[in-house]
Every structure is written in C-alpha cells, then in structure tokens.
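Fold and contact review
Listed below, chain by chain, are the residues.
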Amino acid sequence: MDNICHTHKKGLFLISTLLILLFSSCASRRNIVLLRDIDNARTLANTETYNMKIAKDDKLSIVVSCGDLEVSAPYNTPMTALYQQGVGGMTQDGPSGYIVDRNGCIDFPTLGRLKVEGMTRDQLVDTLQTRLSEQIKDPTVTIQFMNFHITMLGAVRSPGKYRVNTERVSVLDAIGMAGDLPLKSKRKNVLVVRDKGGEVQHGRLNLTSASIFNSEFFYLQQNDVVYVEPSRSGIQDGTTSSFLPYMFSILSSAIALVAIFVR
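These lines cover the structure that appears in this document, whether it is placed above or below. On a predicted model such as this, the values are computed, not experimentally measured, just so you know.

Looking only at helices and strands, the protein features seven helices and twelve strands. Scored against the burial criterion, the 263 residues of the protein give a buried share of 36%. Carbon together with sulfur atoms contributes 54% to the accessible area of the protein, which is approximately 15700 Å² in total.

See below:
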C-alpha cells in the first residue's frame, strides 16, 4: 500500500510539473504573439494624417525638368544634369542633393535661400513649381529624401542602421527589415527615440496590442532609433518556427508519463 501511495504521489508530482510547464508556455506565447487583438482594431489613426516633415540635416534630391533639357539644366546639380542626359560610364549613385542646414534652409539655383524645414515633400514640390513657373514653362519638380535612416538596436536579429527608400515606414516595417524579433525579445515595451528639432522625444509600444496603430510613434521618422529590450525568458536562440516543436515535445512527454503512470 505504501508503495502504491508513493507511486501515486510521484505520478501526481510529475503531472503537476508538466502542467506548470504547459501553462508557462502558454503565458510565454501570449507575450510573443504580435497584435493579438487585431480583430478589435477598426481604424489606423495615423494612416491619413502622417506626413514626414523636412528636418535639419536632411539630404534632398531635387530634380527640375521641363520640355527643354537646356532650360532646366541650371536648376539641377551637375550630377543630376549628367544623369538626365544619360552620359555613360557614370559611377555615382545619382544627384549630390541639397543639405538642409542648421537654420532649416537650402540654397537653390536662381531662387536663392529657401526655408524648407517643417514642410512636407509635397508642399516643397508645390512651392518650387510655383516659383519656377515664373521663370520656365510647365516645370516638373521631383523630390526624394536621400538620407532617411532608422537604427534598430537590442533584441532584433540584425541590429544596425537601415536606409529607407520610402516616406512612410512603420515600426513593424522596421522590425521586418531587421529580420524580425527572436523569442528572447520583449514585445510589450519597444522604445522609439526621436530627435525633434533638438528635443529628444520617446515613446513605448506594446507590439502585442493593436493599440500601436494609434500611437504617434507607429510611423517612424528620419533618424529614429528603435530599441527592443531583451526578455528574461530562459528561451535562448529560439525562433518562432522552433516554438511549436517545443510545445509538441512537452505534450508528448506529458502523454508518455501519464501512460506510464496509468500502466
């Protein structure tokens, strides 16, 4: 009888231990899965209102074109003019660009010093086309940000500085560029640090909640730094693909031990 009771207690202990492991695994899963409440999200508040503003130290590619290349040439940098004419053997990446100085201005041919800080790309396009239409016929202005970078730090698969080729990049896009998050990262406290005209701003995002869509830090701006804090979990060097086999392994062990106990 004592042996039976001892075996019974031992079996209950093993089952309890496995149940604790299972529940802790479920808890870990709740901390890992992104946007768990996405079904409750109805709007993306920042989608319609977000517009990246030109800031100090931005590098802008500004190309002016019209029906006559010779007429538009004086408004473009030398590299831009060569690029438009298709000169062979060029090794440059494109136009040299205009640097927004510490006063938020650029020096533009024939128009002189222009205050551009705080303007959106479309606003600057409209301004230049209006001003240039007084000098040339039907000008077309194309503007691109040349040095839009974001920095990914912490528990991401590939930390580093990334160049962005679009004007709208979200924190989810940035995480994708950095190779996604390993299991050992904290998804509920992602830090975004932003330089806003010399003032340091920061925001924290809970990636497991769809509420991030309403944060002013969901869409990143030039030179933003995203820091993902590592978690205290004991899972090391795991991947999302290895999570399910881990769960199946625990379940299989639980079933095997229960079968042994019953036998």
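Across the sheet, which stays open at both edges, the five strands sit in the order β7-β6-β12-β9-β10 with mixed pairing between neighbours. Where the open sheet ends on each side, the last strands, each with one partner, are β7 (160-163) and β10 (199-205). Neighbouring strand axes in the sheet, compared pairwise and without regard to direction, differ in orientation by 20° on average.

We now examine the layout of surface pockets. Taken as a whole, the second largest pocket encloses approximately 360 Å³ of empty space. If you trace the second largest pocket, you find 15 residues lining it, with Ala-55, Lys-56, Asp-195, Lys-196 and Gly-197 closest to the centre.

It is generally the case that most residues other than glycine have a negative phi and that most peptide bonds are trans. For Asp-57, which is not a glycine, the phi torsion comes out positive at approximately 75°. For Asp-57, the location among the structural elements is in the loop between α2 (45-49) and β1 (59-65). Positive phi is not limited to glycine here, since Asp-138 has a value of about 50°.

Quick notes on the rules
Residues numbered from 1 in each chain as written. Predicted model: local features only at pLDDT ≥ 70, side-chain atom pairs only at ≥ 80, totals over all residues. Heavy atoms only, no water. Helix = DSSP H or I, 4+ residues; strand = E, 2+ residues; numbered from the N terminus. Buried < 20%, exposed > 50% of the residue type's maximum accessible area, 1.4 Å probe, protein only. Areas by Shrake-Rupley, 256 points an atom, 1.4 Å probe, with all protein chains shown as cover. Pairing = 2+ DSSP bridges. Axes fitted to C-alpha atoms, helices over the stretch in contact; angles between N-to-C directions. 1 Å grid on protein atoms, 1.4 Å probe; cavity = no way out; pocket = protein on both sides within 12 Å on 5 of 7 lines; lining within 4 Å. Points joined across faces, edges and corners; volume = space filled by probe spheres on them.

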